[in-house]
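Secondary and tertiary structure notes
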Amino acid sequence: MSLSLAFLVALMVSAGLYLAMQRSLTRIVLGFGLLTHAANLTLIARGASLGRAPIINGTWVAVAISDPLPQAFVLTAIVISFGLTVFALGLAYRALILKGNDEVEDDLEDRRIARLRGERDRDLDQLGDELDLLEEDDERGET
Amino acid sequence: MTYLVVAHFAAALVAIPVARRLGGKAFLLAAAVPAATALWSLTVLSRSASTTSPGEVHAWIKGLDVDLSFQAGGLSALMAFLIGGIGVLVFLYSYRYFDPAGPEVVRVCSLLLAFAGSMLGLVLADGFFTLFLFWEATSVTSFFLIGTEFKHAAARAAATQALLITGLGGIAMLVGFTIFGASTGIWHLSGVENAGSQTLTGLPAVALVLIATGCLAKSAQLPFGSWLPAAMAAPTPVSAFLHSATMVKAGVYLIARLSPVLGGGPWRALVIGSAGLTMVLAGWRALRQDDLKLLLAHSTVAQLGLLCFLFAMPDRRAWVAGVVLLLAHALSKAGLFMGVGIIDHSLHTRDISRLDRLASEMRGVAAVMSAGFACMAGVPLTLAFAGKERGLENLMEISPPWFYAAIGLMVVASALTAAYSTYALRGAFFTSAKGDVAVLGRRPSLGFVIPAGVLTFAGIAMALFAKAPEMLLGSAVKGATGKANFGIPVLPHVGSALVISLLALACGVGFGYFDRLRHFASKAALPFPLGQRVYEAINVGLIRFADRLAGVVQSGSLPIYVATITIVGMGLIAWYLAAIDIDLGALPLAGSVVELLLVAACGVLAAAMAVQRSRVTAVLLLGGVGYGLAAVFVVLGAPDLALTQVVIETLAVVVFLLVVKDQPAKFGRTRPVGSEVLKIAAAAFAGVVVFVLLAGSEGYRADHFVSAEIVEFSVADAGAQNVVNAILVDFRALDTMGEILVLTIAVIGAATLAGIETRRRGRA
């Protein structure tokens, strides 16, 4: 793997992750597209790619052709990632129809938990009272 | 042994349909199962005094020293006898106790059988993991039995409390077993015993402390004692069986097994300290109770403390006293609980202040309970007296100074036992009610009282006919001390031990008899919070802490999650990279000029994509990167990939455009500028780490060409000149099948997501 290929992979990872950290679902899917490209390129560049296609014409020399196995894996990966893209776009489309945009909002339930601490405290006081039903008579002597 | 244990669980299953049909009579049938246990244990006890019976081992996980193994030593057989014998009486008692058509009959009958099986498995277990398995099984069955009246919040809370405390103790024990086994290579109790006396240091000593912690939790010793009084929410037969006679003895049992052979480390001090404190404090608490059942619960905690205390002593003569008291306590306490259950059943109260001179109306119950309290308190001519006197005698013979403290503790504990026994007996049966008088409903039938009577009078009978306890205890004592003949004195020796025990007894009886003295005790609250309050504080505190933590960590924002994952994941890789040698200069800049140009083009497109605000342009840029990569693949010698990439990229761009066309033309702006800086920083950090990883690890490659064989067989076997095709459709055809399946599912999903809305729109 040459320095320039390593640089390209790193750049695509950076750009992809940056996009994945955005609020728009479309940008997130685009980011995943870049991350997929980065992963595929890594596998091929690393997998003994010597420049000659693994196609046999009569005679062959093992060391002279590119390794076919990583190629087969990456071919599978390209197709699978297409499935992922299509499904995620389906979600983005549905979000658009239902909400009018494709923004990924904060999880409402999580925000509620963070906000409603006081209410939970009251629940817990109630739990404490229930456990008190089992309380031994520590105070009975005094009362 | 295995069959006997399995039979219990099978019976527990069969009991469900049978009890549905027969109602309460099912208890009578079920009693046959513990009866079989009792008979079997008697044959073992009569035999194993001379020979040790062989164990049974069933392979489980061979590589990990995990097996299912049972062995019946003397102590195990004694425990099995208690489980079986008391079990029979508990089932007979349950027949009278429960409403024959009541909803809890099926539940209790089946669960009691399952519990008896778990407990039997526990005491017969030889392998550590077998022991742990049944140990936790008793915790779980106990959980369900305490929660029999699950409609009451108190019963549910009590069941959870018992499960949490004994379950956590069990996990500490499992960790202990694992450390012990891994550091000594011994994975069986029999192995520990065969290895002989040893003094442990280092890891095994730590392991032993963990195991002892599990024992203390199970036997409700400080600081884990709170669950047992709470567990009184269970029906009385359950309390009599699980929470006085058998399950709570599990911790005592294990301490008794390990104590004779394993010394060293702080475990003995831990158990002796905890149990010593427990037997005095819990005795004090028992004295403050007005509810008879709670009084018995606290008294159980105190008596278990005495047993742990004696068994943990390094001297084996204290062990002998312990095993005598173990038998005495199991018999008397189970009987006492049954007695309280009868009172509760007939008068609908257990409050001492509401019971009015019961002795005149319930003579049988009064006699049974008197015998029970006498046996527990250790009045002369009972088994407990013999055991306690023996314990005192032995402690006095050994003379390091802290044994005087031990004797002092035992005397105080005995006095307290006598005190609350006197108080309970006198208050319930021989004095008038102080509050409103409880009215006697139905008189208890003889069949209801007999099981309790058998148990409480057995404690007296065994002291008079010493052959019986010697037969029951003989092989246990021989196993622990090597001596078969130990002798239980019917008449006490005249000596200082006798004087001390009588003095303690007299003090206790006096203290319990005179209301004014007891009143003083009930006024004096304990100086530090115990049990329930601590449990409650931990419980509420944990939930509160979890709330705070969730509020901070679980922000609900996807960008924050992705940024966190990126920084942590890449940080870990960076941390690892920092430790190895990396030579960045070893790589060529590029394989060829074409490659360099393509890389430059792809890089520019990808970077532009990240900052592009127009949707359509961003999508087209992604397509551009994809086509660029296809060209790179050609340069790298992968034409099949290039073809696939072009086709898929084209399709993807089309699908993208279909979705994007209905959306706003531009992406919205990120709101806070600070978060934008964080995202760029995290992404840049990831890029740097990936670059160093890829460039730096090139020198660590081991093999450059992995598919020589595939290439060789491609033409001959698959008839393919294109090796990649041969792999996809022949050598790894199943993978390709899976891939097609995944793709199909994804497309169906996407079509459904998009289609539902279209249909709805069409209708509107």
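The structure displayed is predicted, hence computed values, not measured ones. (Residues numbered from 1 in each chain as written. Chains lettered and ligands numbered in written order. Predicted model: local features only at pLDDT ≥ 70, side-chain atom pairs only at ≥ 80, totals over all residues.)

On to the overall build of chain B. Looking only at helices and strands, chain B has 32 helices and 4 strands in total. Expected size for 764 residues packed as a compact globule is a radius of gyration near 27 Å; at 36 Å, chain B overshoots this value by more than 25%. Referenced to the eigenvectors of the C-alpha coordinate spread, the extents of chain B come out at roughly 110 × 65 × 50 Å. Counting across all 764 residues of chain B, residues that qualify as buried make up 51%. (Helix = DSSP H or I, 4+ residues; strand = E, 2+ residues; numbered from the N terminus. Rg over C-alpha atoms; globule rule 2.2 N^0.38 Å. Buried ≥ 20, exposed ≤ 12 C-beta atoms within 10 Å, placed from the backbone.)

All names here are of chain B. At their nearest, the axes of helix α12 (residues 249–258) and helix α14 (residues 292–312) sit 9 Å apart, and the two run at 10° to each other. Classified by the interaxial angle, the pair formed by α12 and α14 is roughly parallel. Here Val252, Ile255 and Ala256 of α12 come into contact with α14, specifically with Leu304, Leu307, Cys308, Phe311 and Ala312. For the contact of α12 with α14, the per-class residue count stands at 8 nonpolar, no polar and no charged. (Axes fitted to C-alpha atoms, helices over the stretch in contact; angles between N-to-C directions. Parallel < 35°, antiparallel > 145°, perpendicular 65-115°, else oblique. Contact = placed C-beta atoms within 7 Å. Nonpolar A, V, L, I, M, F, W, Y, C, P; charged D, E, K, R; others polar.)

The next subject is the confidence of the model for chain A. Residue and element names in this part refer to chain A. Scored by pLDDT, chain A comes out at a mean of 79, with 71% of its residues at no less than 70. Predicted confidence in chain A is weakest over helix α5 (residues 117–132), with a mean pLDDT of 62, and strongest over helix α1 (residues 3–20), with 94. Scored below 50 in pLDDT, residues 135–143 shows 13 contacts in the model against residues more than four places distant or in partner chains. (pLDDT = per-residue confidence, 0-100.)

Residue and element names in this part refer to chain B. Examined bridge by bridge, strand β1 (residues 56–61) and strand β2 (residues 66–70) share 5 bridges and lie antiparallel to one another. Within β2, the position partnered with Val57 by the bridge is Ser69. Hairpin connection between β1 and β2: a loop of 4 residues separates the two successive antiparallel strands, and Asp65 in this loop has a positive phi of roughly 60°. (Pairing = 2+ DSSP bridges.)

How big an interface is tends to be stated in terms of the accessible area lost upon association of its parts. Partitioning chain B into domains gives domain 1 (310–518) and domain 2 (704–764). Relative to domain 2 of chain B, the C-alpha centre of domain 1 of chain B lies at a distance of 78 Å. (Domains from an automatic or database assignment.)

Moving on to the interface of chain A and chain B. The interface of chain A with chain B comprises 95 residues on the first partner and 111 residues on the second. For the side of chain A that touches chain B, the secondary-structure elements that each account for two or more residues are α1, α2 (25–46), α3 (68–99), α4 (108–115) and α5 of chain A. Tallied by class, the residues present in the side of chain A that touches chain B amount to 57 nonpolar, 20 polar and 18 charged.

This next bit is on the environment of B:Ala207. Residue and element names in this part refer to chain B. As for its placement among the helices and strands, Ala207 is situated in helix α9 (residues 203–218). Taking the C-alpha atoms as reference points, Ala207 and Ala172, 35 residues apart in sequence, are found 9.1 Å from one another. Residues in contact with Ala207, not counting those within four places in the same chain, are Gly176, Ile179, Phe180 and Ser183.

What follows concerns the packing of helix α4 (residues 74–97) of chain B against helix α20 (residues 446–464) of chain B. All names here are of chain B. Running from N to C, α4 and α20 cross one another at 155°; their axes reach a closest spacing of 8 Å. Judged by the angle between their axes, α4 and α20 are roughly antiparallel. Considering how the two elements wind past one another, α4 and α20 form a crossing that is left-handed. Along the contact surface, α4 presents Leu89, Leu92, Tyr93 and Arg96, while α20 presents Gly447, Phe448, Pro451, Val454 and Leu455. Residues that form the contact of α4 with α20 fall into these classes: 7 nonpolar, 1 polar and 1 charged. (Left-handed = near helix turned anticlockwise from the far one by under 90°.)

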